[in-house]
Every structure is written in C-alpha cells, then in structure tokens.
Amino acid sequence: ILDLIDSLVNTDFRYSLLSIRTGYTSKITYADRNLGFQQQGLSTGVSYYHKTGLFADISSYWNSDLTSDYSPAIISVGYFGDFTNKWTYSLSYDHYMYPYTKDKDELAYSPITNSLDASMYFDIGKFTLSGDYSLLFLNESMHRIHGNLMYSLTGKDLGFIDRIVFMPTASVQLGNAQIAQPTPAFPFGSMEFRYKIRQLLFAEYGEQFIRYIFRNNREKYHELEYQVAKENEGLLSEYSITIDKAFGIMNYSLSAPVYLYINNFTFSLSYHYNIPVALPGEELILEPNSYIGATILYNIPFMGKK
C-alpha cells in the first residue's frame, strides 16, 4: 500500500491500475504468533485501483497443514487518499470466505468473517510513521492496532533495475482476545466429593484413625479433609470456566524488506522477526519466531491523459 500511494498520489496526475500478485511465506502466524506450528503459505491476489482512490481486491490463501476447505478467500473494497503529499490514508472493508460451514465443522468454524480497517501514513524525510486499526467482527469482535516506523533507502537506474528500495521496519501490535480462566472449586456439599476425600484419608492415615477423629474431633477431621483436597486439587477439583477479554501488547516485530522494480514487475523479499507477548491472563508459552516472505507483482497501468 505504501508503494501504491507513492506511485498514484505523489505524481502529476492520477491513473488507474490493475495489479496481479503471488506470494510465499515460510511460516504461518496468527497475530504474529506461530503457537508451535510449522506451516508454510502461498497467496494469490488481483487488485484494481481507480484513479479516484477507490479500490477492490480479491485474495486467496493456501496453508501447508490445511485442506482447501479451510483456506480462505478475502474480498476487500476501500478508498485511499491524501491530506497532503506527505500524509495519506486508506479505509477498507474485508470479508473472509471459507468453503466449510459451521454445520460441517463446529470446531473449526470461524466466528469472525468481517473486518473494518483504517490506516494512516506520514512521511518525515526518509522515515514513514504509520498506524493501522482493524475491527474484526461477526459473532465475536476483536481489535487490532499496529504502529510502524519505517526507513527507506532508494537506488535508481541500476542496470536493468529501475528502482530498488530497502525498508527496515520496527512495529508493535496491540489487540484483544478472549481468555479462558479455569477456576478450581471444592464442592464440599457434594456427597461424591466427600466420599473421594474419605477414601484418600483412609489410604493416608488409616481407616481406624480417620473414623476416630471424625467421631471425637470433628474440627481436626475437617482440617485433614481440606488439606487432602488441596494436595489432590487436580484429581478432586471441579473447574468453572470464565471468559474474559484482555487487551494489551501482543507483539513486537522487526522486518527487512527489499523491493526491486523492473518495468511493470515488482519483486520483494523480506525477513521478519517477531517477539510475541502474552496478554494479561494468557497462560501461553510464546517464543520469538522468524520467517521469510517473497512476492511477485505485475502492474497494468491505465495511464490515460495528463
């Protein structure tokens, strides 16, 4: 999007453009977390950008660990424009389409298939500050906020290469997610629960002793009962599950993309390094991950007249 805005907004005249692309990523991540999975991905897409700022896009995705039933296609429509030649923005709506249905696979059914997105970009010399906000929604809703600081190094007319751009980027992602919190409970009023504790007391202290203190020292018996319940919490406890939404920093990342422009082709190769962060209440083991991505893009401009 940065290159698109640079090409279409900061020129003497605007023009329409058809863009065809295909890409590869060596690792699939969710909110920049790979959660221990080793998956690769391919994507294809076609975009049409009108000189008025309106655009439409359709993209499809393939995951090495999933069948085609679980590979989404995304349709996007939106608008990009500029406040000044250094301050630009885009607004869009995305709809995610999956071949499977809830009736077909209850566990894999996605409760979120829509997204409203807003982005802003501000150029400060060779630096670009950008911020992105996404509201994902349907049966549930989630928020994603990205902040990015980019630096551009550009070389032009290098043999057969029209332009080469190196754009190291530092990013932070914030968002929310549903956190399941299991809370152990000791249902002392349950006869089944009390029976299980009694059997453990018999095994540890002997049946005769336990029956004696039950008759003669009920307070001591209840102390032992509670002690055994705590020591065997995983075996005896019943758990209640509460669902909370936590918001906070989800990831820090560094990336180093290189773009080559040759006639109407754009080739990109990028390296990404993520440092995921657990949200408050999340009990996840999140380790840094890295991956590479590559994209080939072909532009068909409709230049018209100046």
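In case you missed it, the structure is sitting above this.
Quantities reported herein were computed from a predicted structural model and do not represent experimental measurements.

## Concerning the pairing of strand S6 (residues 112–124)
Here is step 1 of the chain: Across 9 bridges, the pairing between strand S5 (residues 87–97) and S6 is antiparallel. Each bridged residue has a counterpart across the sheet, and for Leu91 the counterpart in S6 is Ala118.
Here is step 2 of the chain: As paired strands, S6 and strand S7 (residues 127–138) are joined by 12 bridges and run antiparallel to one another. Across the sheet, Ile124 pairs through a bridge with Phe127, a residue of S7.

## Here we look at the pattern of salt bridges
Here is step 1 of the chain: Tallying each qualifying case throughout the model produces 2 salt bridges.
Here is step 2 of the chain: We note a salt bridge from Glu207 to Arg211, for which the minimum N-O separation is 2.9 Å. Of this pair, Glu207 and Arg211 both sit in helix H3 (residues 207–216), 4 residues apart, which is roughly one turn of the helix.

## What about the nonpolar core?
Here is step 1 of the chain: Ranked by size, the top nonpolar core spans 10 residues in total: Phe193, Ile197, Leu201, Phe202, Ile210, Ile213, Tyr221, Leu224, Val228 and Ala229.
Here is step 2 of the chain: Elements supplying a minimum of two residues to this core: helix H2 (191–205), H3 and helix H4 (218–231).
Here is step 3 of the chain: Counting 6 residues, the second-largest nonpolar core is a separate cluster that includes Ala31, Ala177, Ala246 and Met250.

## A look at the packing of H3 against H4
Packed helix pairs are specified by the crossing angle of their axes together with the interaxial distance, meaning the distance between the axes.
Here is step 1 of the chain: As a packed pair, H3 and H4 sit with axes 6 Å apart at the nearest point and diverge in direction by 130°. By the angle class used here, H3 and H4 are oblique. Counting all contacts with H3, which are made through Phe209, Ile210, Ile213, Phe214 and Asn216, the residues of H4 involved are Arg218, Lys220, Tyr221 and Leu224.
Here is step 2 of the chain: Of the residues that constitute the contact of H3 with H4, the class distribution is 6 nonpolar, 1 polar and 2 charged.

Definitions and limits used
Residues numbered from 1 in each chain as written. Predicted model: local features only at pLDDT ≥ 70, side-chain atom pairs only at ≥ 80, totals over all residues. Heavy atoms only, no water. Pairing = 2+ DSSP bridges. Helix = DSSP H or I, 4+ residues; strand = E, 2+ residues; numbered from the N terminus. Salt bridge = Lys/Arg side-chain N within 4 Å of Asp/Glu carboxyl O. Core = buried A, V, L, I, M, F, W, Y, C linked by side-chain atoms within 4.5 Å. Buried < 20%, exposed > 50% of the residue type's maximum accessible area, 1.4 Å probe, protein only. Axes fitted to C-alpha atoms, helices over the stretch in contact; angles between N-to-C directions. Parallel < 35°, antiparallel > 145°, perpendicular 65-115°, else oblique. Contact = heavy atoms within 4.5 Å. Nonpolar A, V, L, I, M, F, W, Y, C, P; charged D, E, K, R; others polar.

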